[in-house]
Every structure is written in structure tokens, then in C-alpha cells.
Amino acid sequence: MTTPPLRIGTRGSPLALAQTHMTRALLARSLGVAEDSIAIEIIRTTGDVIQDRALSESGGKGLFTKELDSALIAGGIDLAVHSSKDLPTHLPTEIIVAGYLPREDVRDVFIGRGGMKLAELPQGATVGTASLRRAAQVKRLRPDIKTALLRGNVETRLKKVESGEFDGTLLAYAGLKRLGLADRATELLPLESFLPAAGQGAIGITCRADDAKTRAALAPILDAATGFALAAERSFLAVLDGSCRTPIAAYARLEGENLVFSGEVLRSDGGEVFSSSHSGLPVDAALIGYHAGHDILRRLPHGVAGLA
Ligand SMILES: NCc1[nH]cc(CCC(=O)O)c1CC(=O)O
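Residues numbered from 1 in each chain as written. Predicted model: local features only at pLDDT ≥ 70, side-chain atom pairs only at ≥ 80, totals over all residues.

Colleague: Explanation requested: the nonpolar core in the structure shown.
Modeller: Nonpolar side chains tend to gather and get buried jointly when the protein is soluble and globular. Ranked by size, the top nonpolar core spans 73 residues in total, and within it Leu79, Val109, Ala232, Phe236, Leu240 and Leu259 carry the most contacts. In terms of residues, this core owes the most to one element, helix α8 (residues 224–240), which gives nine residues. The contacts of Leu259, once residues within four sequence positions are left out, are Phe228, Ala229, Ala232, Ala252, Leu254, Ser279, Gly280, Leu281, Pro282, Ala285 and Ile288. (Core = buried A, V, L, I, M, F, W, Y, C linked by C-beta atoms within 7 Å. Buried ≥ 20, exposed ≤ 12 C-beta atoms within 10 Å, placed from the backbone. Helix = DSSP H or I, 4+ residues; strand = E, 2+ residues; numbered from the N terminus. Contact = placed C-beta atoms within 7 Å.)

In C-alpha cells, the structure reads:
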């Protein structure tokens, strides 16, 4: 049997490339072909170009995916590798999320200047982050801490803490691990106060909906448990996230037969938190996230926008 040569599209950041090489290695092994028979195409996205503003202020959704979607639709690539966290809940009808690789550790880590832990930061310290969720979660614990926009790739952010421009930052442990930088984490943050972003730690793979060959090639490397978790988290996000300007966290995991989901929405200053937990059968994943989302919506008199 001959296998058609597959072309993978990716962003060019070091993390995106690390994730793409992981995906290619798994795919090559599963298909029994040489890794270099699967081509990697680097595609620059709008999100890579904008560096000076918060992406939530730059027109919202799909900034890391639009150009990859277009390349898929045009047939220039057959699959695209994404951080699921950066995948919008609505994709063009021609594109589907084929599935997810087994999830990494979902937790956030704190990286403190000079190895300081979050609780050890002096009064009024400045934490850099581009994430509304992390900023709100930090302020919920430490209202005295200031947060400032810190964007750029993981290495850039680490450097800005080292140089003293910020007293600390928060990053996904998964990203650090995949970059071989796990030892840079000062502290692993607990899920109770730092519930992660929907999709954190999961690599998602998109392809053309009508491309049965690529879907079949991908099937053996995809992880069903991660798929259920992400279905719940993404449906929660779809219910609540109209604007991208509201701090939202969501995390689901399989516990025995059950899918256990927790989600929360925070006021930007961390002064209020609305949480909801639901569990049920994995087949009902999307419904579980949907119920949790509406459970919170009912408690917001001014809707999600009222929390910005
Ligand atoms: N928005 C950037 C982004 N997208 C995915 C990850 C980390 C990897 C992951 O969550 O799978 C990161 C960096 C970070 O949040 O530290």
C-alpha cells in the first residue's frame, strides 16, 4: 500500500514547531513511514504579526488559525497542528478538529524573578501576562499585585522576568515542558486557584472535513479521553465567550466512567468569581459544558460583558 505524502501546516513559533515535530513523529511511526516523508509548512498568522497589543483587542477570534484554515481549504496542507487553547470554538465549515493528542499537564506555573514564589512577591509587585484569566486569578489571591501586558513567545517572556522588567509571569507548564524548559518553573500552581484555560495542554489537529484519507491516517494517534474533555471545555467556552475579553477557565477530566467538569468566569479585577461544576457520561461532554455555561449565565445580571 502506498501512503499519500502528507503536509502539515504550523505556525513558526518554537512551541508550535516543537508540537508539530511531536505530531509528525507520532504520525510517521503510526504510518510506518520516515519522518521526513511528511512535509512541514510554516505559515505566519495574524496573531504572530501583532506583538504590541493584547490579542483580545485586535479583532478577536481565529488570529492564530485563519491563515492555516485558508491553506487547508486551498489544499496546500493536509493537516494543521494547534495549541487547542488558541483554537476558536467556531471554524469554517470546510474544517474540522480531527482530534487531540494525549493531553500534557494542564496546570499553570509561576516564574518569579530570582526564584520568588507568587506568595513571596512584595506588595505592589508587577506580574506580566497576556492572559485576562491569569491576571484575574492572580488579583483574586493578591489584590495588591499589578498586572501588565507581556506578550511574545515563551523565551521572550522568560527573558523579561530575568531582566527584571517584571517580577514574575505565569505560563502553561505544558508549553515549558515541550520546549525543554520545565526547570524554569518556580512553582506549579494549584488547579483550585488557577483553573486553566479551556484546551490548555492539548494539541489539536485540524484537517478538511471531507478528507477521509487524512482523517484515517490521524485516527490512531488521537486520544479519546482528551477529546471528551475538550468537547466539554469548548462548549462551555462557546456559551460564555462572546468577546474574548472576559476571564474564563475550564477543565474537564475523566474520573472512572465519568467526565468531571469545572468552569469559572471571573471579573477582570478578580473581585468576583462564578463557578460551576457538572459531571456525566463522556458521550454527553458537550451538554455538560453547555449546562455549566448556562448555569453561570443565569447568575450574571449583565451577561458576560458585565464582568470585563
Ligand atoms: N496563548 C499562547 C499559548 N498557547 C498554548 C500555550 C501553552 C501550551 C498549551 O497550553 O498547550 C501557550 C503559552 C502559555 O500559555 O504559556
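From this point on, the discussion continues.
Colleague: Is there a simple way to explain the sheet that holds strand β9 (residues 187–188) in this structure?
Modeller: The pairing of strands in a sheet happens through backbone hydrogen bonds and is either parallel or antiparallel. Taken together, the five strands give an open sheet; going across it, the order is β7-β6-β8-β5-β9, and neighbouring strands pair in mixed fashion. The open sheet has two free edges, formed respectively by β7 (146–149) and β9, since each of these has just one partner strand. Strand direction decides the pairing type here: strand β5 (residues 108–112) and β9, joined by two bridges, are antiparallel. From the neighbouring strand, Val109 faces β9, where its bridge partner is Leu188. Contacting β5, β6 (126–129) and β8 (168–172), helix α5 (residues 154–162) crosses the sheet at an angle of about 155° to β8. (Pairing = 2+ DSSP bridges. Axes fitted to C-alpha atoms, helices over the stretch in contact; angles between N-to-C directions.)

Colleague: What is the right way to read the pairing of β7 from this model?
Modeller: Looking along a regular strand, one sees side chains alternate from face to face of the sheet. Direction of pairing for β6 relative to β7: parallel, over a ladder of four bridges. Within the sheet, the bridge partner assigned to Thr129 lies in β7 and is Leu149. The parallel pair β6 and β7, bridged by helix α4 (residues 132–141), forms a crossover whose chirality is right-handed. (Right-handed = clockwise from strand over helix to strand, strands pointing away.)

Colleague: What exactly am I supposed to notice about the sheet that holds strand β4 (residues 95–100) here?
Modeller: Spatially, the five strands line up as an open sheet ordered β2-β1-β3-β10-β4, and their pairing is mixed. Strands at the two margins of the open sheet, each flanked by one partner only, are β2 (39–42) and β4. Each strand of the sheet is rotated relative to its neighbour by a mean of 30°, with strand direction disregarded.

Colleague: Please explain the packing of α8 against helix α9 (residues 285–297) as it appears in this structure.
Modeller: How two helices sit against one another is set out by the angle between their axes and by the gap between those axes. Relative to each other, α8 and α9 sit at 30°, their axes nearing to 7 Å. By the angle class used here, α8 and α9 are roughly parallel. Regarding α8 and α9, the two cross each other, and that crossing is right-handed. Two secondary-structure elements touch here, α8 through Phe228, Ala231, Ala232, Glu233, Arg234, Ser235, Phe236, Val239 and Leu240 and α9 through Ala285, Ala286, Ile288, Gly289, Tyr290, Ala292, Gly293, His294, Ile296 and Leu297. Tallied by class, the residues present in the contact of α8 with α9 amount to 13 nonpolar, four polar and two charged. (Parallel < 35°, antiparallel > 145°, perpendicular 65-115°, else oblique. Left-handed = near helix turned anticlockwise from the far one by under 90°. Nonpolar A, V, L, I, M, F, W, Y, C, P; charged D, E, K, R; others polar.)

Colleague: Please explain helix α1 (residues 14–31) as it appears in this structure.
Modeller: Two residues of an α-helix separated by three or four positions point the same way, owing to the 3.6 residues in each turn. The end-to-end C-alpha distance of α1, which contains 18 residues, comes to 25 Å, matching closely the 26 Å that a straight helix rising 1.5 Å per residue would cover. Buried residues of α1: Ala16, Gln19, Thr20, Thr23, Arg24 and Leu27, and no others. The buried side chains of α1 occupy one side of the element, clustering within an arc of 140° when seen end-on. Summarising the contacts, the buried residues of α1 are in contact with β1 (7–10), β2, β3 (79–83), α6 (173–178), β10 (203–208) and α7 (212–218). Positive phi appears at Gly32, one or two residues downstream of α1, with a value of about 70°. (Expected span 1.5 Å × (residues − 1). Arc of directions from axis to C-beta.)

Colleague: What am I meant to see in the UniProt feature "modified residue: S-(dipyrrolylmethanemethyl)cysteine" (unreviewed entry) in the protein here?
Modeller: Per the UniProt record, "modified residue: S-(dipyrrolylmethanemethyl)cysteine" (unreviewed entry) is found at Cys244. You can see Cys244 is positioned in the loop between α8 and β11 (248–255). The class for Cys244 is partly exposed, based on 18 C-beta atoms found within 10 Å. (UniProt positions renumbered as here; feature names shortened; annotations may be inferred.)

Colleague: Please explain the pairing of strand β13 (residues 273–280) as it appears in this structure.
Modeller: Bridge analysis of strand β12 (residues 258–266) against β13 gives eight bridges, and the strand direction is antiparallel. Bridging across to β13, Val265 finds its partner in Phe274. With antiparallel pairing between neighbouring strands as the criterion, β12 and β13 make up a hairpin whose turn holds six residues, including Gly270 at a positive phi of roughly 75°.

Colleague: What am I meant to see in the site of the ligand here?
Modeller: Neighbouring the ligand are the residues Ser83, Lys85, Asp86, Leu171, Ala172, Ala174, Gly175, Gln200 and Gly201. For the shell around the ligand, the secondary-structure elements that each account for two or more residues are β8 and α6. A breakdown of the residues in the shell around the ligand according to their chemical character gives three nonpolar, four polar and two charged. Residues from two domains meet in the shell around the ligand; each of domain 1 (7–101 + 202–222) and domain 2 (108–188) gives at least three. (Near = placed C-beta within 6 Å. Domains from an automatic or database assignment.)

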